[in-house]
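Each chain, letter by letter, is given below.
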Amino acid sequence: MVATHTASSDQAVWSRLLVLHSRVERELAQALQRRHGIGLSEYRALESLTHAEDSELRMQDLAERVGLGQSSVTRLVARLEVAGFAFKDLCPSDKRGVYAVVTDEGRERYAAARTTYADVLSSALNALTADPEYASTVQSLRAAGA
């Protein structure tokens, strides 16, 4: 038997998920800024670049992975460049193709921040599990990721 969902129940679940997302993102952003001097978008960009083949991504691919528009990712990479965490490089076969490339310093900052990110994420989700309004949503998300 397939469960049917009403529009109102879907909206309620979606609203809980958005609030959950907002709370967790805020805690992650504050911890990363306070402990490592980087924002959440910078962390996610460094993570994507660190795990990318050759430690580089086309700017549009990075934008997609981080969830930003083209102009926002350009500003993001500019901030990473100023900090010494990344640089822009031109594609040798297509001079219009611009890549973001992580530096050794950027890789080190990501490695240092990774534990903070994981710890704060788990702590925030655990705290939300204690709230009856969000417990089942968090448990469902965790079960889906297992």
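Residues numbered from 1 in each chain as written. Predicted model: local features only at pLDDT ≥ 70, side-chain atom pairs only at ≥ 80, totals over all residues. Heavy atoms only, no water.

A. Expanded view of the packing of aromatic side chains. A complete count under the given rule lists two aromatic pairs for this structure. Geometrically, the ring pair formed by tyrosine 43 and tyrosine 110 is tilted, given 5.4 Å between the ring centres and 40° between the ring planes. One end of the pair, tyrosine 43, is in helix H2 (residues 40–51); the other, tyrosine 110, is in helix H5 (residues 104–129), with 67 residues separating them in the sequence. With a relative accessible area of 1%, tyrosine 43 lands in the buried category. When its relative accessible area of 2% is taken as the criterion, tyrosine 110 is described as buried. Measuring from centroid to centroid gives 4.5 Å for tyrosine 43 and tyrosine 117, while their planes differ by 10°, and the two rings are stacked. Of this pair, tyrosine 43 sits in helix H2 while tyrosine 117 sits in helix H5; the two residues are 74 residues apart in sequence, bridging distant segments of the chain. Judged by its relative accessible area of 16%, tyrosine 117 falls in the buried class. An aromatic cluster is present here, built from Tyr43, Tyr110 and Tyr117 joined pairwise through their rings. (Phe/Tyr/Trp six-rings, centres within 6.5 Å; stacked < 30°, edge-to-face > 60°. Helix = DSSP H or I, 4+ residues; strand = E, 2+ residues; numbered from the N terminus. Buried < 20%, exposed > 50% of the residue type's maximum accessible area, 1.4 Å probe, protein only.)

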